[in-house]
Amino acid sequence: MAAEKEIWQKIGEGFVQEYYNQFDNTNRTTLGDLYSADACLTWEGSNFSGKAAITGKLASLPFKAIKHIITEQDFQPTVDSCIFIMVFGQLKVDDDPPMAFHQVFMLKHHACSWVCTNDVFRLGIHNIPA
């Protein structure tokens, strides 16, 4: 019999499911609701601070269709009662071949809900030698 999942793992799994569902199936402007007001995003090495800047970046990504396929996700509680999430997967953009990606989130409990305070995204193509 499988052990009951820890609450932080259930919260993390719910966040990951909601984040990528919104990312893949909306115009991405609603993703801002998942971030705290002073959240930070690093997207392929470029930094964005604050909910408005993050929403603007995600909504302006230059593709018409995207699909994330999550292959693995790991969760940890932190000593300051946050939830650390690491996601591995593939994404398919428009007619391009699938690409590996890695994304890390930090969630914090705020005003009776969980919000993302930190987000780091990288495509998994940076280790290919020239």
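Whatever comes next refers back to the structure up there.
Criteria and cut-off values
Residues numbered from 1 in each chain as written. Predicted model: local features only at pLDDT ≥ 70, side-chain atom pairs only at ≥ 80, totals over all residues. Heavy atoms only, no water. Helix = DSSP H or I, 4+ residues; strand = E, 2+ residues; numbered from the N terminus. Rg over C-alpha atoms; globule rule 2.2 N^0.38 Å. Buried < 20%, exposed > 50% of the residue type's maximum accessible area, 1.4 Å probe, protein only. Areas by Shrake-Rupley, 256 points an atom, 1.4 Å probe, with all protein chains shown as cover. Lys, Arg positive; Asp, Glu negative; His and termini not counted. Charge placed at Lys NZ, Arg CZ, Asp CG, Glu CD. Phe/Tyr/Trp six-rings, centres within 6.5 Å; stacked < 30°, edge-to-face > 60°.

(A) Region of interest: the overall build of the chain. Broken down by element type, the chain carries two helices and six strands. Shown N-terminal to C-terminal, the secondary structure of the chain runs as helices and strands in the order α-β-β-α-β-β-β-β. Its C-alpha atoms give the chain a radius of gyration of 15 Å, within 12% of the compact-globule value 14 Å for 130 residues. Once the C-alpha set of the chain is aligned to its principal axes, its extents read approximately 40 × 40 × 30 Å. In the chain, which comprises 130 residues, the proportion classed as buried is 34%. Of the roughly 7800 Å² that the chain leaves accessible, carbon and sulfur atoms contribute 56%. Treating the 10 positive side-chain charges of the chain as one cloud and the 15 negative ones as another, the clouds have centres 5 Å apart.

(B) Expanded view of the packing of aromatic side chains. The full count for this structure, using the stated rule, is 11 aromatic pairs. Both rings, one in Tyr20 and one in Phe105, keep their centres 6.3 Å apart while their planes meet at 70°; by these two values the pair is edge-to-face. Of this pair, Tyr20 sits in helix α1 (residues 7-25) while Phe105 is found in strand β5 (residues 99-110), placing the two residues 85 residues apart along the sequence. For the residue pair Tyr20 and Phe105, the accessibility class agrees, reading buried in each case. Residues Trp43 and Phe121 carry aromatic rings whose centres are separated by 4.0 Å and whose planes lie at 10° to one another, so their mutual orientation is stacked.

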